[in-house]
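# A look at the structure
One letter stands for each residue in the lines below.
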Amino acid sequence: MNGSSSSPQLEKVNPEAEDFLPLLGTDHIELYCGNAKQSAYYYIAAWGFKPLAYCGLETGVRDRVSYVVQQEKITLVLTSPLIPDGPINDHINRHGDGVKSIALWVDNASKSWEETTSRGAVSVMAPATREDKDGSVVLSGIETYGDTVHTFVERKNYQGVFLPGYGPWNPSQPIKPLGLRYVDHMVGNVGWGEMNTWTDFYARVMGFAQLISFDDKDISTEFTALMSKVMSNGNGRIKFPINEPAEGRKKSQIEEYIDFYQGPGVQHIALATSNIIETVTELRNRGIEFLQVPATYYDTVLDRVGHIDEDLDPLRELGILIDRDDEGYLLQIFTKPVVDRPTMFFEIIQRKGAKSFGKGNFKALFEAIEREQETRGTL
Ligand code: FE2
């Protein structure tokens, strides 16, 4: 896990944020899915994750199965129900495959629960200790937007492979990691007029502050629009942009998401790499599909962003986008939705100093998304 037993030194990078929890990082992301076994295979074979842990009938769990896969600091938990009724089925029935829990690594899950619920968070799990032969963890949880939750994970007294109840999982499948390193940010889509409700929630309940960057204004194309604000915790390890749809001549991509997800939820997970050209080359070789901006994007991009270390040719061939802010530049690319409904997707990002989120690319990108929406009849 990303959890070594001692807590790292926490540097304050977002001075406005009040780090009363504090959050040490993203512990894991749990997705509820229709067929966890096949989803796990997808993340292993296509995305280079390695099998880490498993719970299900063989470990004494009767109502669900979970496969845990990991690549450096990114841990995904893929969960499917083994019974016909219950909350996992309800979640999948309503939302399709999607993120249930953004689990946050903390030093003290009891205190995190007390601090957040006393500030108005709705509890989904009071602090509970779980133990096995490898030690104990404390888990607690609160609601966030839609049916999504935050689970607080305190693992400083645990040496096991993932969490109590899970056994190691080592299929003989050969694994070739892709250089994905950590969760850079996770974006939530919320309904009309709800962006400030949720940015206020992260400020009031979690002590986050808005990350002021040049991404903040309305973002629109000729047809569709959205609004976005980025909330971050004090040490900057957790960044949650929150989007809401805005009025445009046609249906916003956020509205399409809300329609198909049947409410707010996680729109995309941005994974950081140290070499986006290698990572994306390999992902494409393994069949991952990305949004494609027009070739003309590359005719003028260097006029906008100035000098970059990389050759433009491989970036153009792969469709990787470039943006710059006051502190440096970033390289990024977005997949098409990775689930059946036009909802969740991934971003691959390589930061070279920039701390923003690629606003300069949004217009080109949204036009690419609109072309996809047109083929779905949802524009
Ligand atoms: Fe992003």
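Predicted, not measured: the structure shown is a model, and the values here were computed from it.

Inspection of every chain in the model, using the stated rule, returns four cavities of 30 Å³ or more. Estimates place the volume of the second largest cavity at around 140 Å³. Lining the second largest cavity are 15 residues; nearest its centre among them are Gln253, Pro337, Phe345, Ile369 and Arg376. Elements with a contribution of two residues or more to the lining of the second largest cavity: helix 5 (253-261) and helix 9 (359-376). Looking at side-chain class alone, the lining of the second largest cavity contains six nonpolar, five polar and four charged residues.

The next subject is the environment of histidine 268. Considering the arrangement of structural elements, one finds histidine 268 in strand 15 (residues 265-273). Under the relative-accessibility criterion, histidine 268 is labelled buried at 8%. Note: C-alpha distance between histidine 268 and alanine 246 (22 residues apart in sequence) is 18 Å. Not counting the four nearest positions on each side in its chain, histidine 268 is found in contact with His185, Met186, Val187, Phe334, Phe345 and Glu347. A polar atom in the side chain of histidine 268 sits 2.8 Å from the side chain of glutamine 267.

Each protein donor to the iron ion is listed here as His185 (NE2), His268 (NE2) and Glu347 (OE); together their distances run 2.0 to 2.2 Å. Each donor residue of the iron ion lies on the same chain, and together they follow the pattern H-x82-H-x78-E. Here histidine 185 is found in strand 10 (residues 180-189), whereas its partner histidine 268 is found in strand 15, with 83 residues between them in sequence. Assigned by exposure class, histidine 185 and histidine 268 land together as buried.

Before going further, it helps to spend a moment on the pairing of strand 7 (residues 135-143). Walk down a regular strand and you will see the side chains alternate between the two sheet faces. Here strand 7 lies mainly inside the structure; seven of its nine residues are buried. In this sheet, strand 7 lies alongside strand 6 (residues 123-132) in antiparallel orientation, the contact comprising seven bridges. Looking at strand 7, one finds that methionine 125 is bridged to glycine 141. What sits between the antiparallel neighbours strand 6 and strand 7 is a turn of two residues. In this sheet, strand 8 (residues 149-154) lies alongside strand 7 in antiparallel orientation, the contact comprising six bridges. In the strand pairing of strand 8, serine 140 is matched with phenylalanine 152. Joining the antiparallel neighbours strand 7 and strand 8 is a turn of five residues, in which glycine 146 adopts a positive phi near 60 degrees.

All right, on to the domain arrangement of the protein then. With domains assigned, the protein is organised as domain 1 (25-168) and domain 2 (180-376). Centre-to-centre, using C-alpha coordinates, domain 1 lies 25 Å away from domain 2. Tallying the contact residues gives 40 residues for domain 1 and 37 residues for domain 2. Both sides of the domain 1 and domain 2 interface together cover about 3,100 Å² of buried area, and 67% of this is carbon and sulfur. Ranking the residues of domain 1 by area buried against domain 2 places Trp47, Ile74 and Tyr145 at the top, with a combined share of 24%. Taken together, the connections running from domain 1 to domain 2 amount to one salt bridge. Its salt-bridge partner being glutamate 72, residue arginine 181 comes within 3.9 Å of it at the nearest N-O pair. Among the secondary structure elements, those contributing two or more residues to the side of domain 1 that touches domain 2 are strand 1 (23-32), helix 1 (36-45), helix 2 (87-95), strand 5 (98-106), helix 3 (109-118), strand 7 and strand 8. With five residues, the top contributor of residues to the side of domain 1 that touches domain 2 is helix 2. Broken down by class, the residue content of the side of domain 1 that touches domain 2 amounts to 17 nonpolar, 15 polar and eight charged.

Moving on: unusual backbone geometry. One non-glycine residue, glutamate 72, adopts positive backbone phi at about 45 degrees. Among the secondary structure elements, glutamate 72 is positioned in the loop between strand 3 (64-71) and strand 4 (74-81).

Okay, the side chain of threonine 151 next. Along the chain, threonine 151 turns up in strand 8. Here threonine 151 falls in the buried class, since its relative accessible area comes to 12%. Not counting residues up to four positions away in its chain, the partners in contact with threonine 151 are Ser101, Ile102, Ala103, Leu104, Met125, Leu139, Ser140 and Gly141.

To continue, consider helix 6 (residues 276-285). Among the residues of helix 6, Ile276, Thr279, Val280, Glu282 and Leu283 are the ones counted as buried. All buried residues of helix 6 lie within an arc of 160 degrees about the axis, which places them on one face of the element. Exposed positions of helix 6 whose direction lies more than 90 degrees from the buried face are Glu278 and Asn285. In the segment just after helix 6, glycine 287 is the residue with positive phi, at about 95 degrees.

What follows deals with helix 4 (residues 195-206). When the terminal C-alpha atoms of helix 4 are compared, their 16 Å separation across twelve residues agrees well with the 16 Å that a helix rising 1.5 Å per residue should span. Among the residues of helix 4, those classed as buried are Met195, Trp198, Thr199, Phe201, Tyr202, Val205 and Met206. The buried residues of helix 4 all sit within an arc of 155 degrees when viewed along its axis, so they share a single face. In the stretch just after helix 4, glycine 207 is the one whose phi turns positive, near 75 degrees.

Turning our attention to the layout of surface pockets. In this structure, the second largest pocket encloses a volume near 670 Å³. Lining the second largest pocket we find 27 residues, and of these Glu30, Tyr32, Arg64, Met125 and Arg130 sit closest to its centre. Those elements that provide at least two residues to the lining of the second largest pocket are strand 1, strand 3, strand 5, strand 6, strand 7 and strand 8.

Cut-off values and rules
Residues numbered from 1 in each chain as written. Predicted model: local features only at pLDDT ≥ 70, side-chain atom pairs only at ≥ 80, totals over all residues. Heavy atoms only, no water. 1 Å grid on protein atoms, 1.4 Å probe; cavity = no way out; pocket = protein on both sides within 12 Å on 5 of 7 lines; lining within 4 Å. Points joined across faces, edges and corners; volume = space filled by probe spheres on them. Helix = DSSP H or I, 4+ residues; strand = E, 2+ residues; numbered from the N terminus. Nonpolar A, V, L, I, M, F, W, Y, C, P; charged D, E, K, R; others polar. Buried < 20%, exposed > 50% of the residue type's maximum accessible area, 1.4 Å probe, protein only. Contact = heavy atoms within 4.5 Å. Polar contact = N/O pair within 3.5 Å; in protein donor to acceptor, adjacent residues only side chain to side chain. Donors = N, O, S within 2.8 Å, 3.2 Å for Na, K, Ca; no water. Pairing = 2+ DSSP bridges. Domains from an automatic or database assignment. Buried area = accessible area lost by both parts, 1.4 Å probe. Salt bridge = Lys/Arg side-chain N within 4 Å of Asp/Glu carboxyl O. Arc of directions from axis to C-beta. Expected span 1.5 Å × (residues − 1).

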